[in-house]
Amino acid sequence: MTTLLTLSSLLAEIGDNFPQSGPRRSWSDLGAYGIAAVIVAIAAAVAAQLRKRNDMSEHCDKPWKLFRELCQVHGLDRQSQRLLAQLARERRLAQPAEVFLWSQGFAPEGLPPALQHHAARLERLRQQLFE
Amino acid sequence: MAPGTHDARTSCLNPDAVTPLQRTFDALAKSHNEAATPTLIAALQAGGGPIFDGAIAALCHRRAKAGHTAVLRQWNRLGREQREVVKRGRCRMGAALREAVLQGDDPLFRAAMEFVDESGDFDLIPTLVVVAEQANDERSRLAVELTLRLVDQLSDWMASDEPVIGRDPHTIRYCVLESLERSVERYHQHERPELLEAFIVLAGPFSRTLRNILSAPHHACYQALVEVLATSANPSVLRLLTDMLSASETPHVVQHVISKRTDRPFVDALLSIDFDDDNPAMRRNLAQLKFLACCEDTVLVCTQFTPRQQAAAVKLLAATGAGDDYKLMLIDALLKHGSVEGRVAACRALHAVPGQAGNKLLLHALDDPEGAVQAAAVRQLRERKIPGTLSRLVDLVSSPLEEVAAAARESLSVFSFDNYAARFDVMDEGARQAVGVRVAKVDRTTPARLRQELAHSNRRQRLRALQMAAAMEMLPTLADAVVERLQDEDQVVRAAAADLLRFCTASDVRNALLTALGDRSAAVQLAAKNSLAALNSPLSAAAAKSPPPSQPGSAAAPPAAPDALPIKEAI
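Computed from a prediction, not measured in an experiment: that's the story for all the values here.

1. Quick notes on the packing of aromatic side chains
Residues and elements named next belong to chain A. The final tally for this structure, using the stated rule, is 6 aromatic pairs over all chains. Ring geometry for Trp64 and Phe67: centres 5.2 Å apart, planes at 70°, overall edge-to-face. In this pair, Trp64 and Phe67 are both assigned in helix α3 (residues 63-74), 3 residues apart and thus about one turn of the helix distant. Centre to centre, the rings of Phe106 and Phe130 are 5.7 Å apart; their planes meet at 75°, and the pair counts as edge-to-face. One end of the pair, Phe106, is in the loop between α4 (78-90) and α5 (119-130); the other, Phe130, is in helix α5, and 24 residues separate them in sequence. For Phe106, a relative accessible area of 0% gives the class buried. Overall, Phe130 belongs to the buried group, its relative accessible area being 14%.

Here is the structure:
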């Protein structure tokens, strides 16, 4: 081992005497490249994850993904999606997608207190989804 | 339109054409996310309305056993249209159905059975067979009944001439039969004769397994199988028995069963088969039957059987190897008390029973009031060589019943003009006369043929035709053709014609003879003169009406004029 270390230091010094050689580089000089590579990898992973999340042709058993799939089918905006998700949670539905099949859940009289002030918006959503 | 069934292209090309709810169900039906199934199952709690209908259709469209099981649990609550939607999805419901039948609770089991019964799901038969083989309980009883119904449906489907759309029934049969064959092998465990019946129905007459069992009396289910063949009124079993009758190498036990069965469904099936004389296998099988129990009760045959069945019964019996006495018993009864169709067939069946007793019945049939029966009897007269047959047949040629006369002519076909003309020259006068009169009576083409011969280009043929006409006593009928011969280029023909015209009484004959007196040939003049003299004498006029025989024993040959030129010599 010692022999190897000695040999490597000797080899590192080989280029020192060339006329065009610059200052010797250390491992710390590669740090920036490493960070860039890690960022790219993370970005790729996030992109893959996002793609997978929105790939509705993939076989899976994910209730909230089904919820999103139905939101896409009906072309709901973010705000409507959030409101529907909140309704599903407040109603304690076993499957959040059930909200697309339960028009009575949108009725203003039975709405949970947290959704009372969204009654009008929910009524519009009910009409959009059921009529 | 149900979400599971609507055309996907419609929603893609024109999204406004479908309602939002339909779009939801469409997405749930096609989603690759398994969470769609519990979502739809939860929607079934609606109990009715568009949400319920859509959930049912979407669940049937998905390939999820839990969803199909949930649908089956709702089966009793479904209306006709909803059931139709479920039936359309049955091709994806096999796993759920199997589980429901094998392990489901009672309501689920009954729902699955009802569904299979209504939809005719033949793929489930192997599962039903497994349930049917289980210990005697309500479930196995229901499974047995359903198996038999499905097998009958499949058998009818195969027998029908409907064009095959979708799955081939013969492929389904192959799979079902495999499971039934395994069940037959396990017969000593379950002892369910109904499963044997189902096997027989599908196996058909050429099944190797069936034939092997029927040829091995020591086989575990031989007795049970024979019992099914001997007692089952299932139309498919009856069809198998009758089919085996026309198949080669029919097991003896099947022949025995056919001989012994007398129940009405079997008799109806047996007597409806098209007995084909040209089928050697059927002939052989029938010949091996020593009796037919269904034909033993002659009173029953004459009173309860339809005319067609009476005919079929006697025809079949005649083809069997039963004794002549046995056959004559039914023939006699039918000839006396049967329908017209039965009597005709009985008469024809006598063909298979030679001997005096048969002859007696045949002569009895000649007095039948129906022409068809008489005709059937007449056709057998000659071959049975009953004394006095020939003269009776000749008399029957003049029968007022056209079919009897035709049958008599058919039997006397040897008395044809062609035969007569071919042998005319080698016959003596007496034979020419005797045979000629019969030929004239039997062969309806005789006048036309004689006219052809009289107009023949050959002088010898024309003279011969005049001779034949005289021998056949056809001169009055052919007077005009004979008169024409007075203008013949040959004096011998003219003289012969003039000579023979003495037997014709038509008014124009006398005028023609008067004209012939001026013929350039003295022989013709002499013959005409003699004929005129014969026609003028009252005795000859009477003779012309009924020409006297030229020889003792001959019927009515024209007497040769003493001065006339003998035709034979002229020839």
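2. Section: the interface of chain A and chain B
Contacts between the two partners involve 23 residues from chain A, matched on the other side by 19 residues from chain B. Carbon and sulfur atoms make up 63% of the area that chain A and chain B hide from each other, which totals about 1700 Å². Counting the contacts that link chain A with chain B gives 0 salt bridges. Counting every contact that joins chain A to chain B gives 7 residue pairs in polar contact (both at pLDDT 80 or more). When residues in the side of chain A that touches chain B are grouped by element, the largest group, 7 residues, is from α3(A). The residue inventory of the side of chain A that touches chain B, partitioned by class, reads 11 nonpolar, 5 polar and 7 charged.

3. A few points about the environment of B:Ala224
Residue and element names in this part refer to chain B. With respect to the helices, strands and loops of the structure, Ala224 is situated in helix α15 (residues 222-231). Of the residues examined, Ala224 reaches a relative accessible area of 15% and is grouped as buried. Along the backbone, Ala224 and Met427 are 203 residues apart, and their C-alpha atoms lie at a distance of 73 Å. With near-sequence residues (within four places) excluded, Ala224 lies in contact with Tyr187 and Leu196.

4. Section: the domain arrangement of chain A
All names here are of chain A. Taken as a whole, chain A is organised into domain 1 (29-58) and domain 2 (60-131). Here domain 1 and domain 2 have C-alpha centroids that lie 32 Å from each other. Contact with domain 1, which involves 6 residues of that partner, is made by 5 residues of domain 2. Surface buried jointly by domain 1 and domain 2 totals about 580 Å² across both partners, of which 43% is contributed by carbon and sulfur atoms. Together, Arg53, Met56 and Glu58 form the three largest contributors to the area buried by domain 1 at its contact with domain 2, with a combined 84%. Taken together, the links from domain 1 to domain 2 amount to 1 salt bridge. One salt bridge connects Glu58 with Lys65, and the closest N-O pair in it is separated by 3.2 Å. Tallied by class, residues from the side of domain 1 that touches domain 2 come to 1 nonpolar, 1 polar and 4 charged.

Calculation rules
- Residues numbered from 1 in each chain as written.
- Chains lettered and ligands numbered in written order.
- Predicted model: local features only at pLDDT ≥ 70, side-chain atom pairs only at ≥ 80, totals over all residues.
- Heavy atoms only, no water.
- Phe/Tyr/Trp six-rings, centres within 6.5 Å; stacked < 30°, edge-to-face > 60°.
- Helix = DSSP H or I, 4+ residues; strand = E, 2+ residues; numbered from the N terminus.
- Buried < 20%, exposed > 50% of the residue type's maximum accessible area, 1.4 Å probe, protein only.
- Contact = heavy atoms within 4.5 Å.
- Buried area = accessible area lost by both parts, 1.4 Å probe.
- Salt bridge = Lys/Arg side-chain N within 4 Å of Asp/Glu carboxyl O.
- Polar contact = N/O pair within 3.5 Å; in protein donor to acceptor, adjacent residues only side chain to side chain.
- Nonpolar A, V, L, I, M, F, W, Y, C, P; charged D, E, K, R; others polar.
- Domains from an automatic or database assignment.

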